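# An overview of the molecular structure
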Amino acid sequence: MNATLLLPDSLSLTPEGSALVAEIEAYLATLPVQARAVVPLICNFGSTIQRWNAGFPQPRLSVLDRLAHRTARPVDVSVADHLRLTSRYLAEVGWVQGKLWDASGRVCLLGAQAAVLLNGYGTPYTVGRARNQVMEVLHTTGRAAASPDVFNDAPGTRQTDVHRLLDRASARAHSLGI
């Protein structure tokens, strides 16, 4: 059986169009070999910026939510996903020590977790379990901190330390299946 491509009349190849194709092919044949080499396109400007919640569905209002004038049901995320989203949120808006957020919008670890929750990802129970995983990683790595917030605000802590902590806690939660 022969497969044929059915095109609308506007896209069908006309004699004028085939002459244009022949003209382009003739031009390309005159170019030196190195100019005709086909290479993959690589963007010189880096990668595309993605939002912190890329890959996760947006919370959507149902009809009942609209009728009751309430917020959308939260998107169900695992503890590991919540920790990943927290790290992404921190990377996008910036990190701060000593306060929940500052005037420029930067947030601390707790502020990032609250922002992820307020944007409709997970429940307060998810956040609590995520904070437990962060504390477990703090204890297993020998960091004496009474809470993740104390670790965040410690003078020697840097943003990379917070991201590394969240990454390890996320990996731990993923290995536990939560």
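Rules behind the numbers
Residues numbered from 1 in each chain as written. Predicted model: local features only at pLDDT ≥ 70, side-chain atom pairs only at ≥ 80, totals over all residues. Heavy atoms only, no water. Helix = DSSP H or I, 4+ residues; strand = E, 2+ residues; numbered from the N terminus. Buried < 20%, exposed > 50% of the residue type's maximum accessible area, 1.4 Å probe, protein only. Contact = heavy atoms within 4.5 Å. Areas by Shrake-Rupley, 256 points an atom, 1.4 Å probe, with all protein chains shown as cover. Expected span 1.5 Å × (residues − 1). Axes fitted to C-alpha atoms, helices over the stretch in contact; angles between N-to-C directions. Parallel < 35°, antiparallel > 145°, perpendicular 65-115°, else oblique. Left-handed = near helix turned anticlockwise from the far one by under 90°. Salt bridge = Lys/Arg side-chain N within 4 Å of Asp/Glu carboxyl O. Phe/Tyr/Trp six-rings, centres within 6.5 Å; stacked < 30°, edge-to-face > 60°.

Helix and strand content of the protein: eight helices and zero strands. Buried positions account for 30% of the 178 residues belonging to the protein. Relative to all contacts within the protein whose residues are 6 or more apart in sequence, the contacts with residues 24 or more apart total 61%. Of the accessible surface of the protein, which amounts to about 12400 Å², a share of 59% is contributed by carbon and sulfur atoms.

A rise of 1.5 Å per residue sets the reference length of helix H8 (residues 159–176), with its 18 residues, at 26 Å; its end C-alpha atoms lie 26 Å apart and thus fit the reference within 8%. Listing the buried residues of H8 in full gives Asp161, Val162, His163, Leu165, Leu166, Ala169, Ser170 and Ala173. Buried residues along H8 sit against helix H4 (79–93), helix H5 (109–118), helix H6 (124–140) and helix H7 (148–153).

On to the packing of H4 against H5. Running from N to C, H4 and H5 cross one another at 115 degrees; their axes reach a closest spacing of 9 Å. Judged by the angle between their axes, H4 and H5 are roughly perpendicular. Two packed elements cross with a definite hand, and for H4 against H5 that hand is right-handed. Mapping the contact onto sequence places His82, Leu83, Leu85, Thr86, Tyr89 and Leu90 in H4 and Leu109, Ala112, Gln113, Ala115 and Val116 in H5.

Residues of H5 that are buried include every one of Leu109, Gly111, Ala112, Gln113, Ala115 and Val116, and no others. Buried positions along H5 lie against H4, H6, H7 and H8. The positive-phi residue at the C-terminal boundary of H5 is Gly120, with phi of around 95 degrees.

Quick look at the pattern of salt bridges now. This structure, assessed with the given rule, holds seven salt bridges. Here Arg106 makes a salt bridge to Asp102, at a shortest N to O gap of 2.6 Å. Classification of Arg106 as partly exposed rests on a relative accessible area of 35%. The salt bridge involving Arg131 is made with Asp149; its shortest N-O contact spans 2.7 Å. Highlighted residues: Arg131 in helix H6 and Asp149 in helix H7, separated in sequence by 18 residues. Residue class for Arg131 comes out buried when judged on its relative accessible area of 17%.

The next thing to look at is the environment of Leu165. With respect to the helices, strands and loops of the structure, Leu165 is situated in helix H8. Overall, the relative accessible area of 1% leaves Leu165 in the buried class. Considering only alpha carbons, one finds Leu165 and Val137, 28 residues apart in sequence, at a separation of 7.2 Å. Setting aside chain neighbours within four positions, we find Leu165 in contact with Val134, Val137, Leu138, Arg143 and Phe151.

Let's shift gears to the packing of aromatic side chains. Tallied over the full model, the rule gives three aromatic pairs. Ring plane angle 85 degrees and centroid distance 5.2 Å describe the contact between Trp52 and Tyr89, whose orientation is recorded as edge-to-face. Here Trp52, found in the loop between helix H2 (33–36) and helix H3 (63–68), pairs with Tyr89, found in helix H4; they are 37 residues apart in sequence, far enough to count as distant. The class of Tyr89 is buried, set by a relative accessible area of 14%. Between the aromatic rings of Phe56 and Tyr121, the centroid separation amounts to 6.3 Å while the plane-to-plane angle is 75 degrees, which identifies the pairing as edge-to-face. Here Phe56 is found in the loop between H2 and H3, whereas its partner Tyr121 is found in the loop between H5 and H6, with 65 residues between them in sequence.

Shape is all these values report; function is a separate question.
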